[in-house]
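A look at the structure
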Amino acid sequence: MKPRHFLTLLDLSPTELKEVIANAIELKKQLKHGEINDSFKNRVLGMIFEKSSTRTRVSFEAGMTQLGGSALFLSPRDTQLGRGEPIEDSARVLSSMVDQVMIRTFGHNIVERFAKYSSVPVINALTDDFHPCQLLADVQTYVEHRGQPSGKTVAWIGDGNNMCQSYINAARQWDFQLNIACPKGFEPNAELMQANKERIKLVHDPIEAIRGADWVSTDVWASMGQEAEQKEREQAFAGYMVDHELMSHANSGAVFMHCLPAHRGEEVSAELIEDQQLSVVWDEAENRLHSQKALMLFLSQHSGQ
Ligand code: CP
Ligand code: NVA
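Below, the structure is looked at part by part.

About the criteria used
- Residues numbered from 1 in each chain as written.
- Chains lettered and ligands numbered in written order.
- Predicted model: local features only at pLDDT ≥ 70, side-chain atom pairs only at ≥ 80, totals over all residues.
- Heavy atoms only, no water.
- Helix = DSSP H or I, 4+ residues; strand = E, 2+ residues; numbered from the N terminus.
- Contact = heavy atoms within 4.5 Å.
- Salt bridge = Lys/Arg side-chain N within 4 Å of Asp/Glu carboxyl O.
- Buried < 20%, exposed > 50% of the residue type's maximum accessible area, 1.4 Å probe, protein only.
- Expected span 1.5 Å × (residues − 1).
- Polar contact = N/O pair within 3.5 Å; in protein donor to acceptor, adjacent residues only side chain to side chain.
- Phe/Tyr/Trp six-rings, centres within 6.5 Å; stacked < 30°, edge-to-face > 60°.
- Lys NZ or Arg CZ within 6 Å of the ring centre and 35° of its normal.
- Pairing = 2+ DSSP bridges.
- Axes fitted to C-alpha atoms, helices over the stretch in contact; angles between N-to-C directions.
- Near = heavy atom within 4 Å.
- Areas by Shrake-Rupley, 256 points an atom, 1.4 Å probe, with all protein chains shown as cover.
- 1 Å grid on protein atoms, 1.4 Å probe; cavity = no way out; pocket = protein on both sides within 12 Å on 5 of 7 lines; lining within 4 Å.
- Sits in = over half its atoms within 2 Å of the grid points.
- Nonpolar A, V, L, I, M, F, W, Y, C, P; charged D, E, K, R; others polar.

Our next topic: the side chain of Asp219. When you line up the elements, Asp219 lands in the loop between strand 8 (215–218) and helix 9 (230–236). Excluding residues within four positions of it along the chain, Asp219 makes contact with Trp156, Ile157, Asn161, Asn162, Met163, His258, Cys259 and Glu267.

Have a look at this one:
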């Protein structure tokens, strides 16, 4: 049986994604009630991190432990990956020893090449192009607070980055409208936008994007790997901070999300992120744990493991 991978949200059907979210909500309840679920007893997750992480590392590692398995943190600094061993060789070797592999890296082609040669499921834990695991947590959070997102309007304010591009895929899979506001020159991938043009509106005015929105999301202006552009980006993104004034143009009951880490006073105001009525960022972060446990169980079940 061929392994199922999760490199983008399009690797699962809309029905399968709904199933994962429903199970994430169930697993969260189980955990809160102290019920033991050791479905992954003796299973091992390999975790390759070529970029920093707090939430992703801890949620995957804690999630595997809670399911009775374990996780291996693999840094390129102390594996042969960092000394140029080919991805294809690493994929064949690692997948002969562990049950799933999670990768956070730069080029999206790295996770694609790894998956091609892996005999076990591969999960994209962030590339320069996509961050699909974060969207599982975001959707779970919206469902828990407001119900299903289909038919709703989501506003993305900021960079057309890996998070924004995952929101584009999410709009397709969960059938919502996505309004994107980004400065000129910071738009998401043109082909991706073209392929989803029925569901996307691209503007350069944050107020125009947020009008009628039920859910507002943003992210840092300079992603990992773009540290040298920080100053230049701060200038380009002036006027794109999500704060109470901007949120006042959204629908009443709109929620604010941010994948974190956040830069207060840049893409989000300190007051908004701490506003317990509007901001659901802490639930969103916690849901990385529950939604990824559901994802790993799904991939395992559908890969004949
Ligand atoms: N949101 C997110 O992926 O956080 P980390 O970079 O801390 O993993
Ligand atoms: N766009 C950010 C997301 C961090 C979770 C980055 O890639 O650094």
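Next comes the rest of the description.
What follows deals with the pattern of salt bridges. The full count for this structure, using the stated rule, is 12 salt bridges. A salt bridge links Arg4 to Glu16; the shortest N-O distance between them is 2.7 Å. Note that Arg4 is positioned in the segment before helix 1 (14–32) and Glu16 in helix 1, a separation of 12 residues in sequence. Exposure remark for Arg4: the relative accessible area of 22% places this residue in the partly exposed category. Measuring nitrogen to oxygen at the nearest pair gives 3.4 Å for the salt bridge that ties Glu61 to Arg57.

Here helix 6 (residues 162–174) is 13 residues long and its end C-alpha atoms lie 18 Å apart, about the 18 Å a rise of 1.5 Å per residue gives. The buried fraction of helix 6 is high, at 12 of 13 residues. Looking at helix 6, one finds that the buried residues are Asn162, Met163, Cys164, Gln165, Ser166, Tyr167, Ile168, Asn169, Ala170, Ala171, Gln173 and Trp174. For helix 6, the N-terminal cap is Asn161; the gap from its side-chain oxygen to the backbone nitrogen of Met163 is 3.0 Å. Of the residues trailing helix 6, Asp175 is marked for its positive phi of about 55°.

This paragraph deals with the packing of aromatic side chains. Inspection of every chain in the model, using the stated rule, returns 8 aromatic pairs. Through pairs of rings, three or more aromatic residues link up here, namely Tyr142, Trp156, Tyr167, Phe176 and Trp215. For Lys51, the ring lying beneath its charged end belongs to Phe106, and the centroid distance is 4.7 Å.

Taking strand neighbours across the sheet as the criterion, the 5 strands line up as 7-6-5-8-9 in an open arrangement whose pairing is parallel. Each edge of the sheet is formed by a strand with only one pairing partner; in this case those strands are strand 7 (200–203) and strand 9 (255–258). Adjacent strand axes in the sheet meet at a mean angle of 20°, parallel and antiparallel pairs treated alike. As paired elements, strand 5 (residues 153–157) and strand 8 share 4 bridges and run parallel to each other. If you follow Ile157 over to strand 8, its bridge partner there is Thr218. Packing against the sheet, helix 5 (residues 132–146) makes contact with strand 8 and strand 9, and its axis sits at approximately 160° to strand 9.

Here Leu260 and Pro261 are connected by a cis peptide whose omega angle stands at 5°. On the secondary structure map, Pro261 appears in the loop between strand 9 and helix 11 (270–273). If you check the backbone angles, Leu126 has positive phi at about 120° while not being a glycine. Within the secondary structure, Leu126 is located in the loop between strand 4 (122–124) and helix 5. Residue classification places Leu126 among the buried positions, given a relative accessible area of 6%. Of note, Asp175 is a non-glycine position whose phi angle comes to about 55°, a positive value.

Moving on to the site of ligand 1. In the vicinity of ligand 1, the residues found are Ser53, Thr54, Arg55, Thr56, Arg104, His131, Gln134, Cys259, Leu260 and Arg288. In this structure, an oxygen atom belonging to ligand 1 sits 2.8 Å away from a side-chain N or O atom of Arg104. Between a nitrogen atom of ligand 1 and a main-chain N or O atom of Cys259, the distance comes to 2.9 Å. For ligand 1, whose free accessible area comes to 260 Å², the fraction covered by protein is 95%. In this structure, ligand 1 is accommodated by the largest pocket. Along the lines of polarity and charge, the residues of the shell around ligand 1 split into 2 nonpolar, 5 polar and 3 charged.

Around ligand 2 sit Leu126, Asn161, Asn162, Asp219, Ser223, Met224, Cys259 and Leu260, and that is every residue in its neighbourhood. Within the side chain of Asn161, one N or O atom sits 3.4 Å away from a nitrogen atom of ligand 2. Between ligand 2 and the protein, one listed contact pairs an oxygen atom with a side-chain N or O atom of Asn162 at 2.8 Å. Against a free-state accessible area of 270 Å², the protein chains account for coverage of 93% of ligand 2. Taken atom by atom, the bulk of ligand 2 overlaps the largest pocket.

Attention now goes to the pairing of strand 8. The two faces of the sheet receive side chains in turn, since in a regular strand these alternate between them. Burial along strand 8 is two-sided: Trp215 and Ser217 facing one way and Val216 and Thr218 facing the other are all buried. When strand 8 meets strand 9, the two strands line up parallel, connected through 4 bridges. The residue of strand 9 that forms the bridge with Val216 is Phe256.

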